[in-house]
Amino acid sequence: MTLANDSPGPVPQLSWIVPMYRTSAHLDELLERIGATSAVMGLSHEVILINDACPEDGAAADKAASVRPAVSVVHHAHNQGQDAAIRSGLRLCRADWAVAIDADLQDPPEAVLHLWAAREAGIDAAFANRVGLYTSPGRRLTSLVYRRLASLLAGLPTGACLFLLMNRRLIDRVAATTGGRISILAIVAAAQGRWATVLITRNPRPSGRSAYSGLRRLDKALVSLWQILRSRHFSKTL
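First, a word on what this report is: a plain description of the structure on this page. The shown structure was predicted, so the numbers you read here are calculated from the model rather than taken from an experiment.

The rules behind each value
- The numbering scheme is per chain: residues are counted from 1 as the chain's sequence reads.
- Per-residue local features are limited, in this predicted model, to residues with pLDDT of at least 70; the limit for side-chain atom pairs, both in listing and counting, is 80 or more; totals at the level of whole chains, interfaces and linings are taken over all residues.
- With hydrogens and water excluded, all non-hydrogen atoms of the structure serve as input to the side-chain values.
- Where helices and strands are cited, they refer to DSSP runs of H or I of at least four residues and of E of at least two residues respectively, numbered from the N terminus.
- Relative accessibility thresholds used throughout: buried, under 20% of the residue-type maximum; exposed, over 50%; partly exposed, between the two (1.4 Å probe, protein chains only).
- Computed with a 1.4 Å probe, the accessible areas rest on the Shrake-Rupley method; for each residue, only the protein chains presented here act as cover.
- Here a salt bridge means any side-chain nitrogen of Lys or Arg lying within 4 Å of a carboxyl oxygen belonging to Asp or Glu.
- Pairs of strands are assigned from DSSP output, requiring at least two bridges between the strands.
- Each patch is assembled from residues with relative accessible area greater than 30% and no salt bridge, linking like charges that lie within 9 Å and nonpolar side chains (Val, Leu, Ile, Met, Phe, Trp, Tyr) that lie within 5 Å.
- Put simply, a nonpolar core is a bunch of buried Ala, Val, Leu, Ile, Met, Phe, Trp, Tyr and Cys residues held in one set by side-chain atoms that sit within 4.5 Å of each other.
- Contact definition: two residues touch when any of their heavy atoms are within 4.5 Å.
- An expected span of 1.5 Å times one less than the residue number is assigned to each helix.
- Note that the arc is computed from the directions linking the helix axis to the C-beta atoms.

Some remarks on the overall build of the protein chain
And step 1. Across its full length, the protein chain holds eight helices and eight strands.
And step 2. Expressed as a percentage of its 238 residues, the buried residues of the protein chain come to 51%.
And step 3. Total accessible area on the protein chain is roughly 10,900 Å²; 57% of this is exposed by carbon and sulfur atoms.

Structure (C-alpha cells):
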C-alpha cells in the first residue's frame, strides 16, 4: 500500500473515504460536489481516495491529489474489495467523523448533509437506507434480502449499508482490525452502538457497470452475514 499527498495540515472536521475501482470517469465531478457539500455544511474536510489496484483510477486519483490539497490517495498493490478499501482509508483519516461513499455517483454526496444532520449526542453512526430504481430488479431484490438479514442478525437499522457516517470510536474500531476479509458492517454490529438511519435516493450508475458480478456479490454477502453471526452472537473477535 502506498500513499500520495500525505500532507498533515490542520485536522479536518470531516473525512470523506472514497474507494475506487473503475470509477475515474466521475472523479472530477465527485470531488467538486464533495467540496461544495462540505462548504454548505461549513466543515473543513479531507478526501482519502483508495485506488483498489486499478491503473486507470490510480492515474486519475494522483492527478486529483496534485491539484487539490484536501485530497490524499492510497494505492493498493492488489484488488482487495470495497470493505478493505474503506478500512485503508479509515486507518489514515484524521477527523472525528468520517463518511464512506462510493465513487460512481450513485450515492449523491449532497445526501451527506442529511447524514450529518442525523447526528445527536451519543450517536455512533448514521446509515443511508438506499431507495430508488438504481439498478436491475434482480439486484435490488437480492440487496434488499441481504440488508434485511444483516439488520435482523446485527441489530442495525433496516437498509444499513456502506454509505455511512461514523464517529471516531467506530473509525478506530474498524482501523484496529487486522484480518484479511473483514466485513465493516460486522465490526460496526459488534460495537453495539447507537444508530440513526436516513432514506437516501440512489441514482442509476451514470456510466460503466459495477465490478461486482452476481457470484462476487453472493460471496461478499455470505462472508458478511457469517462474520456478523460470529461477532454479534458468539462474541468472536474479527
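Resuming the write-up.
Brief notes about the pattern of salt bridges
And step 1. Overall, the coordinates contain eleven salt bridges when judged by the stated rule.
And step 2. Between Arg130 and Asp107 there is a salt bridge whose closest N-O contact spans 2.7 Å. Of this pair, Arg130 sits in strand S6 (residues 125-131) while Asp107 is found in the loop between strand S5 (97-100) and helix H4 (112-117), placing the two residues 23 residues apart along the sequence.
And step 3. Residue Asp107 is classed as buried on the basis of its relative accessible area, which comes to 0%.
And step 4. Across the salt bridge formed by Arg202 and Asp107, the nearest N and O atoms sit 2.8 Å from each other. Within this pair, whereas Arg202 is found in the loop between strand S8 (195-201) and helix H8 (214-233), its partner Asp107 is found in the loop between S5 and H4, the two being separated by 95 residues in sequence. For the pair formed by Arg202 and Asp107, the shared burial category is buried.

Things to note about unusual backbone geometry
And step 1. A positive phi angle is found at Arg22, which is not glycine, with a value near 60°.
And step 2. By the element assignment, Arg22 lies in the loop between strand S2 (14-20) and helix H1 (27-41).
And step 3. If you check the backbone angles, Ala53 has positive phi at about 65° while not being a glycine.
And step 4. Along the chain, the position of Ala53 falls in the loop between strand S3 (45-51) and helix H2 (55-67).
And step 5. Given a relative accessible area of 27%, Ala53 falls into the partly exposed group.

As for the pairing of S5
And step 1. Residues Trp97 and Val99 point to one face of S5 and Ala98 and Ala100 to the other, with burial holding for every one of them.
And step 2. Pairing between S5 and strand S7 (residues 164-167): four bridges, direction antiparallel. Pairing of Trp97 across the sheet is with Asn167, part of S7.

Remarks on a nonpolar patch on the surface
And step 1. Together, Leu141, Leu144, Val145, Leu149 and Leu152 line one region of the surface with nonpolar side chains, adding up to about 470 Å² of accessible area.
And step 2. For Leu152, the position within the fold is in helix H5 (residues 137-154).

Focus on the nonpolar core
And step 1. Within the largest apolar cluster, 35 residues are counted, with the highest numbers of intra-cluster contacts made by Ile17, Leu90, Phe127 and Leu156.
And step 2. Ranked by the residues each element gives to this core, the list is headed by helix H7 (residues 184-191), at seven residues.
And step 3. Excluding its chain neighbours within four sequence positions, the residues that come into contact with Leu90 are Ile17, Ala98, Met166, Ile171, Val174 and Ala175.
And step 4. Counting residues in each nonpolar core, the second largest holds 34 residues, with Leu30, Val73, Trp97 and Leu105 among its members.

Notes on H1
And step 1. Over its 15 residues, H1 extends 21 Å from the first C-alpha to the last, a length consistent with the 21 Å expected when each residue adds 1.5 Å.
And step 2. Of all the residues in H1, the buried ones are Leu27, Leu30, Leu31, Arg33, Ile34, Thr37, Ser38 and Met41. Down the axis of H1, the buried set is contained in an arc of 165°. They therefore lie on one face. Opposite the buried face of H1, by more than 90 degrees, sit the exposed residues Asp28, Ala39 and Val40.
And step 3. Buried residues in H1 make contact with S2, S3, H2, strand S4 (71-75) and H4.
And step 4. Downstream of H1 by a residue or two, Gly42 has a phi angle that is positive, lying close to 70°.

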